[in-house]
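# Fold and geometry: a report
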Amino acid sequence: MSGNAVIESLETRRAVRSYADRPVEREKLEAILEAATYAPTGMGAQSPVIVLVESKETRDKVAALNAGAMGRDTDPFYGAPAVAIVFGHKDVVPTWFEDACLVAGNLLNAAHAVGVDSCFIYRAKEVFETDEGRALLKEWGLDGDYVGVANCILGYGDGPAPEPKPRKDGYVRIV
């Protein structure tokens, strides 16, 4: 549907892996987070929880835990100033994981829609299974069986966004 703003936004979003040292404005972060909460969830249970980390100290701690889970000594958040961590709660609905993934997708697409760059970073599960990760969950008031599903880094890219890769043949099959 040429000319549809939503479809155009979905088709032009890119994973950005280099960030400028510039915070994201509060009103943009609030809009992104609110849009994320409108993702579909199983039985309308709204089981995911999003934790926005802006504190440099906490962001760096989570990044270091993520790098450790990867077995590397790099910044897996690519210098992004903020990370929205999406958690699923295993005891709420059987679709807790899918629900959290849909929230992360909404979050990434909403970021692009308001001019903020983003990237989905893995290893949230591994980070929050560690003693340090569980201590952070407790500090953030997340008691219960929460599982880290996605790290969505947010910021402003340091340079142009990458070009899209061509879509593979057979991506869509109509039967």
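See the structure shown above.
Let us look at the structure shown here. What you see is a predicted model, and the numbers here were worked out from it, not measured in a lab.

### Some details on the packing of aromatic side chains
Inspection of every chain in the model, using the stated rule, returns 5 aromatic pairs. Centroid distance Trp-96 to Phe-97: 5.9 Å. Interplanar angle 80°. Geometry classified as edge-to-face. Summarising the aromatic geometry, the rings of Phe-120 and Tyr-122 are spaced 4.7 Å apart at their centres and angled 50° between planes, so their arrangement reads as tilted. Classification of Phe-120 as partly exposed rests on a relative accessible area of 24%. On the basis of relative accessible area, Tyr-122 is assigned to the exposed category, the value being 56%. In this structure an aromatic cluster arises from ring pairing among Phe-87, Phe-128 and Trp-140. Looking at Arg-22, its charged tip hangs above the ring of Tyr-156, at a distance of 3.7 Å from the centre. The ring of Tyr-171 carries the charged tip of Lys-168 above its face, separated from the ring centre by 5.0 Å.

### What about the packing of helix H3 (residues 56–70) against helix H6 (residues 131–139)?
Interaxial distance between H3 and H6 falls to 10 Å at its minimum, and their mutual angle equals 145°. H3 and H6 meet at a crossing whose hand is left-handed. Contacts from Lys-61, Val-62 and Leu-65 of H3 reach H6 at Glu-132, Gly-133 and Leu-136. When the residues that make up the contact of H3 with H6 are grouped by side-chain class, the tally is 3 nonpolar, 1 polar and 2 charged.

### Comments concerning a nonpolar patch on the surface
On the surface, Tyr-171, Val-172 and Ile-174 cluster together to form a nonpolar patch covering roughly 410 Å² of accessible area. Tracing the backbone through its elements, the reader meets Tyr-171 in the segment after strand S4 (146–155). Here Tyr-171 falls in the exposed class, since its relative accessible area comes to 52%.

### Topic: the nonpolar core
Ranked by internal contacts, the top residues of the largest apolar core, which has 24 residues, are Leu-107, Val-116, Cys-152 and Leu-154. In terms of residue count, helix H4 (residues 96–113) provides more of this core than any other element does, 8 residues in total. Ranked by size, the runner-up nonpolar core spans 21 residues in total, among them Phe-77, Ile-85, Ile-121 and Phe-128.

### Points about helix H2 (residues 26–36)
Regarding H2, the residues found buried are Leu-29, Ile-32, Leu-33 and Ala-36. All buried residues of H2 fall inside an arc of 95° around its axis, so they share one side. For H2, the elements touching its buried residues are strand S1 (49–53), strand S2 (82–89), H4 and S4.

### Notes on unusual backbone geometry
For Gln-46, which is not glycine, the phi dihedral falls at a positive 50°. Judged by its relative accessible area of 59%, Gln-46 falls in the exposed class. One non-glycine residue, Arg-123, lies in the positive phi region at around 75°. Overall, the relative accessible area of 21% leaves Arg-123 in the partly exposed class.

### Looking at the packing of H2 against H4
Packing of H2 against H4 brings their axes to within 8 Å, and their N-to-C directions diverge by 145°. Here H2 runs over H4; the crossing is right-handed. Contacts between H2 and H4 involve Ile-32, Leu-33, Ala-35 and Ala-36 from the former and Val-103, Asn-106, Leu-107, Ala-110 and Ala-111 from the latter. In terms of residue class, the contact of H2 with H4 is made up of 8 nonpolar, 1 polar and no charged.

So, how was this worked out
- Residues numbered from 1 in each chain as written.
- Predicted model: local features only at pLDDT ≥ 70, side-chain atom pairs only at ≥ 80, totals over all residues.
- Heavy atoms only, no water.
- Phe/Tyr/Trp six-rings, centres within 6.5 Å; stacked < 30°, edge-to-face > 60°.
- Buried < 20%, exposed > 50% of the residue type's maximum accessible area, 1.4 Å probe, protein only.
- Lys NZ or Arg CZ within 6 Å of the ring centre and 35° of its normal.
- Axes fitted to C-alpha atoms, helices over the stretch in contact; angles between N-to-C directions.
- Helix = DSSP H or I, 4+ residues; strand = E, 2+ residues; numbered from the N terminus.
- Left-handed = near helix turned anticlockwise from the far one by under 90°.
- Contact = heavy atoms within 4.5 Å.
- Nonpolar A, V, L, I, M, F, W, Y, C, P; charged D, E, K, R; others polar.
- Patch = residues over 30% accessible without salt bridge, like charges linked within 9 Å, V, L, I, M, F, W, Y side chains within 5 Å.
- Areas by Shrake-Rupley, 256 points an atom, 1.4 Å probe, with all protein chains shown as cover.
- Salt bridge = Lys/Arg side-chain N within 4 Å of Asp/Glu carboxyl O.
- Core = buried A, V, L, I, M, F, W, Y, C linked by side-chain atoms within 4.5 Å.
- Arc of directions from axis to C-beta.

The quantities given are spatial measurements derived from coordinates; they are silent on function.
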